[in-house]
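# Examination of the molecular architecture
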Amino acid sequence: MKKLFGTDGIRGFANEDPMTSETALALGRALAVFFRNGGHHKILIGKDTRRSCYMLETALASGLCSMGADAIFIGPMPTPGIAFLTQAMRADAGVVISASHNRFDDNGLKVFDRLGYKLPDDAELKLEALMTSGELMKNRPTGDRIGRAHRVDDAAGRYIEFVKSTFPKGRTLDGIRLVVDCAHGAAYKVAPTVFEELGAKTAVIGASPNGTNINDGCGATHPEVVAAEVKRVGARIGIALDGDADRVVFSDEKGNTVDGDAILAICAEDLLKKKRLKDGVVVATVMSNKALENYIAACGGRLERAAVGDRYVVEKMREGDYGLGGESSGHLVFFDHATTGDGLIAALQVLAIMTETGKTLSELVSRYRPLPQVLTSVKVPSRKDLAQFPDVQKMVRDFEGKLGADGRILVRYSGTEPVVRIMIEGREDAVIRKMAGDLSTCIQKSLG
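Reading the values: rules and limits
Residues numbered from 1 in each chain as written. Predicted model: local features only at pLDDT ≥ 70, side-chain atom pairs only at ≥ 80, totals over all residues. Heavy atoms only, no water. Salt bridge = Lys/Arg side-chain N within 4 Å of Asp/Glu carboxyl O. Helix = DSSP H or I, 4+ residues; strand = E, 2+ residues; numbered from the N terminus. Buried < 20%, exposed > 50% of the residue type's maximum accessible area, 1.4 Å probe, protein only. Pairing = 2+ DSSP bridges. Contact = heavy atoms within 4.5 Å. Axes fitted to C-alpha atoms, helices over the stretch in contact; angles between N-to-C directions. Expected span 1.5 Å × (residues − 1). Phe/Tyr/Trp six-rings, centres within 6.5 Å; stacked < 30°, edge-to-face > 60°. Lys NZ or Arg CZ within 6 Å of the ring centre and 35° of its normal. Parallel < 35°, antiparallel > 145°, perpendicular 65-115°, else oblique.

Before going further, it helps to examine the pattern of salt bridges. Tallied over the full model, the rule gives 32 salt bridges. The residue Arg171 makes a salt bridge to Glu356 at a minimum N-O spacing of 4.0 Å. Residue Arg171 is found in the loop between α5 (155–164) and β8 (177–181), and its partner Glu356 is found in helix α11 (residues 343–357); the two are separated by 185 residues along the sequence. A relative accessible area of 28% places Arg171 in the partly exposed class. Between Glu269 and Arg367 there is a salt bridge whose closest N-O contact spans 2.3 Å. Here Glu269 is found in helix α8 (residues 260–273), whereas its partner Arg367 is found in the loop between α12 (361–364) and β17 (373–379), with 98 residues between them in sequence.

Below, the structure is given as structure tokens:
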């Protein structure tokens, strides 16, 4: 069982175990050995705008170089940008220092293989074993076999051109006014450039990082901010990225929030019409609204569900060679273009549909009607098997019986935080909210 890696790499409070310089150093050493290809090899390091990234970046590079790998500093770059650059630069792996949508005082370490995919569970287990192995230190290279470190200055330009290439050739965003909220994160430079170079009139917010303001009252976790700005400036669409820009939430021209499920619905409908989805399949997670499943079926397609986490969505997409997948939280994966969730690429696919159809975002999503859904979290002192608590299990069974075929309940531990996640769907909002409150109280009493 993994102890360090969760659903999205290693994550924790910066400068406290496990998110320490010592962990980054050990990971660097382990990566250098794990991805050794017989010769001198290189591993990219990207980051977001958190203050602790400097500390972790230096330690990670030291570990890599100490075991014979070259460390290539990319600087602030969206997570999907590192996935792309790892492939484009023929690197052996890529690492992103980021805690995505979390507060600035958290941080994380995510790893991509040479093809730009996040590592599977078995690879992460092997890395953990290497990190704690005394054998690792017995064969340290010396002399000219020690690795080097250097910075790539044109990385942002390469990624910008790649993202722009995913927008239909011959089409522009001329005349479209949009708002982009960069969450004071990794996309604060590249995101405005992408939209402006395609011709959009771009109002930019959340693009002044200071090391501590990432995701602070802005970005994908606060879509009301971009929605308010859309209404203020009269924009056609608002695009809210998270701290590492691998997820995106939208605002339509009326200031209504449009989540990942709604975007999957309109993109699936578009691709199904064009017969560009293998077997008509879209991949989502167990958290996606049941209305998405119904909508895709009505369009002639089929929804398959994966475990929570964009990594598991991608794994299922790879298994079936499916082209579209994502999460309601805004991780959206377009396999024709990218190997992981990319907020900028997703935004361009939505804008492409808008320019092709001449419809506003509110018109495109008007037929998608999600079931009422409640999401809540319960902080717990430790991860105990929920099956051991009969009161919790009985309440879940009772609520499932009352909801019937028109609802769902999902109770699970977060992969990145010490909390139990509760999701309840049903026809009546007041009913499911009361259920969520009662279940939260039951879990607190049982696990507290």
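Strand order in the open sheet made by the five strands is β9-β8-β10-β11-β12, with mixed pairing throughout. The open sheet has two edge strands with one neighbour each: β9 (201–205) and β12 (257–258). Relative to β12, strand β11 (residues 248–251) is paired through two bridges, and the arrangement is antiparallel. Bridged to Ser251 within β12 is Thr257. In the packing of helix α7 (residues 223–233) onto the sheet, the strands contacted are β8, β9, β10 (237–241), β11 and β12, and the crossing angle to β8 comes to about 155 degrees. Across the sheet, α11 touches β8, β10 and β11, and the angle it forms with β10 is around 165 degrees.

What follows concerns helix α14 (residues 429–447). Counted at 1.5 Å a residue, the expected span for α14 with its 19 residues is 27 Å, and the 27 Å between its end C-alpha atoms agrees. Buried-residue contacts for α14 involve β17, α13 (390–403), β18 (408–413) and β19 (419–425).

This part takes up the environment of Pro381. Structurally, the position occupied by Pro381 is in the loop between β17 and α13. Taking the C-alpha atoms as reference points, Pro381 and Ala347, 34 residues apart in sequence, are found 38 Å from one another. Once residues within four sequence positions are removed from consideration, Pro381 is found in contact with Leu447 and Gly448.

All told, the structure shown has six aromatic pairs when counted by the stated rule. Note on Phe84 and Phe162: the rings are 4.1 Å apart at their centroids and 5 degrees apart in plane angle, and the pair reads as stacked. Taken together, the residues Phe84 in helix α3 (residues 79–88) and Phe162 in helix α5 connect sequence positions 78 residues apart. Considered together, Phe84 and Phe162 belong to a single accessibility category, that of buried residues. Summarising the aromatic geometry, the rings of Tyr295 and Tyr368 are spaced 5.9 Å apart at their centres and angled 85 degrees between planes, so their arrangement reads as edge-to-face. Remark: Tyr368 occurs in the loop between α12 and β17 and Tyr295 occurs in helix α9 (residues 290–298); sequence separation between them is 73 residues. Classification of Tyr295 as buried rests on a relative accessible area of 8%. Take Tyr368: its relative accessible area is 5%, and that puts it in the buried class. Among the aromatic side chains, those forming a connected cluster through ring pairs are Phe84, Tyr159 and Phe162. Note that Arg318 overlies the ring of Tyr117, its terminal NZ or CZ placed 3.5 Å from the centroid.

Between two packed helices, what matters for the description is the angle formed by their axes and the separation of those axes. Their axes nearest at 10 Å, the elements α8 and α9 cross at an angle of 10 degrees. In terms of axis orientation, α8 runs roughly parallel to α9. Here α8 contributes Asp261, Leu264, Ala265, Ala268, Glu269 and Leu272 to the contact with α9, which in turn contributes Leu292, Tyr295 and Ile296.

Burial along β11 is two-sided: Val248 and Phe250 and Val249 and Ser251, pointing in opposite directions, are all buried. Examined bridge by bridge, β10 and β11 share four bridges and lie antiparallel to one another. Of the residues in β11, the one forming a bridge with Leu241 is Val248. Turn length for the β10-β11 hairpin, with the two strands adjacent in sequence and antiparallel, is six residues, and the turn residue Ala245 shows positive phi of about 60 degrees.

For Glu124, the position within the fold is in helix α4 (residues 121–131). Residue classification places Glu124 among the buried residues on the basis of a relative accessible area of 4%. With near-sequence residues (within four places) excluded, Glu124 lies in contact with Lys2, Phe5, Gly6, Leu119 and Arg311.

On the secondary structure map, Thr202 appears in strand β9. Residue Thr202 is classed as buried on the basis of its relative accessible area of 19%. For Thr202, the residues in contact, after removing those within four places along its chain, are Leu178, Val180, Phe195 and Glu196.

Most of β19 is tucked away, with six of its seven residues classed as buried. Inspection of the sheet shows β18 paired to β19 by six bridges, in the antiparallel sense. Residue Val411 lies in a different strand from β19, and its bridge partner there is Ile422.

What follows deals with the sheet that holds β18. Strand order in the open sheet formed by three strands is β17-β19-β18, and the pairing between neighbours is antiparallel. A single partner strand is all that each edge strand has here, and the edge strands are β17 and β18. Averaged over all pairs of adjacent strands, the angle between their axes in this sheet comes to 15 degrees, without regard to strand direction. In this fold α14 packs onto β17, β18 and β19, with an angle of close to 155 degrees to the strand it touches most, β19.

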